[in-house]
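Here are the chains, one letter per residue:
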Amino acid sequence: MTELKIRDGDYVFNSAGTARRVKGREALLQRVLFKLTARRGAFPFLEGLGSELYRLGSLPPSQRQGAAQTAAAQALADEEELELERVELDGERLTVRLRYQGEPLELKLTVR
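Keep in mind that what you see is a predicted model, and the values were worked out from it rather than measured.

Undergrad: Kindly report on helix α2 (residues 61-75), identifying the contributing residues and their values.
TA: Count 3.6 residues to each turn of an α-helix, and residues three or four apart come out pointing the same way. Look at α2: 21 Å from first C-alpha to last across 15 residues, which is about the 21 Å you get at 1.5 Å a residue. Along α2, the sharpest kink reaches roughly 25 degrees, centred on Ala 67. When we look at burial in α2, the residues that qualify are Ala 68, Ala 71, Ala 72 and Ala 75. Those residues of α2 that are buried lie in contact with α1 (24-37), β5 (82-90) and β6 (93-100).

Undergrad: Quick one: what's the story with the environment of Ala 73, residue by residue and with numbers?
TA: Tracing the backbone through its elements, the reader meets Ala 73 in helix α2. The exposure class of Ala 73 is partly exposed, given its relative accessible area of 36%. Spatially, the C-alpha atom of Ala 73 lies 9.2 Å from that of Glu 83, the residues being ten residues apart in sequence.

Undergrad: Go over the sheet that holds strand β7 (residues 103-110), please, and point to the residues and values.
TA: What the three strands build is an open sheet, ordered β5-β6-β7; its pairing is antiparallel. A single partner strand is all that each edge strand has here, and the edge strands are β5 and β7. Each strand axis lies, on average, 20 degrees off the axis of its neighbour in the sheet, ignoring direction. Note that β6 and β7 share eight bridges and pair antiparallel. In the sheet register, Tyr 100 faces β7, and the bridge partner there is Glu 103. Against the sheet, α1 contacts β5, β6 and β7, and its axis sits at roughly 40 degrees relative to β7. α2 rests against β5 and β6 of the sheet, and its axis sits at about 150 degrees to β5.

Conventions used here
Residues numbered from 1 in each chain as written. Predicted model: local features only at pLDDT ≥ 70, side-chain atom pairs only at ≥ 80, totals over all residues. Heavy atoms only, no water. Helix = DSSP H or I, 4+ residues; strand = E, 2+ residues; numbered from the N terminus. Expected span 1.5 Å × (residues − 1). Bend = angle between axes of the 7 residues up to and from the residue. Buried < 20%, exposed > 50% of the residue type's maximum accessible area, 1.4 Å probe, protein only. Contact = heavy atoms within 4.5 Å. Pairing = 2+ DSSP bridges. Axes fitted to C-alpha atoms, helices over the stretch in contact; angles between N-to-C directions.

Structural data, given as structure tokens:
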């Protein structure tokens, strides 16, 4: 399956003005990053899309790691071929370790 390439929230176009597409691992990573960073409930017709990682800053520090794990699992629940192995929170730095078709993947992002 191919998807439109997104960078910094905008579609990416080639020199001919045609929207670029991504597939395979690149499409998966783009989709996962979008699901983790989009605010859950922000899309009126897709209320289950996104995560609640943006709420971590309002929680006591002792609850943030567990909440980050839960939010990531919830956001990626519909990715059937993806296994969430571990979520590590170090201050505002979030590392998400995944496995896709036996291959390890890792995403790092900032949460506030």
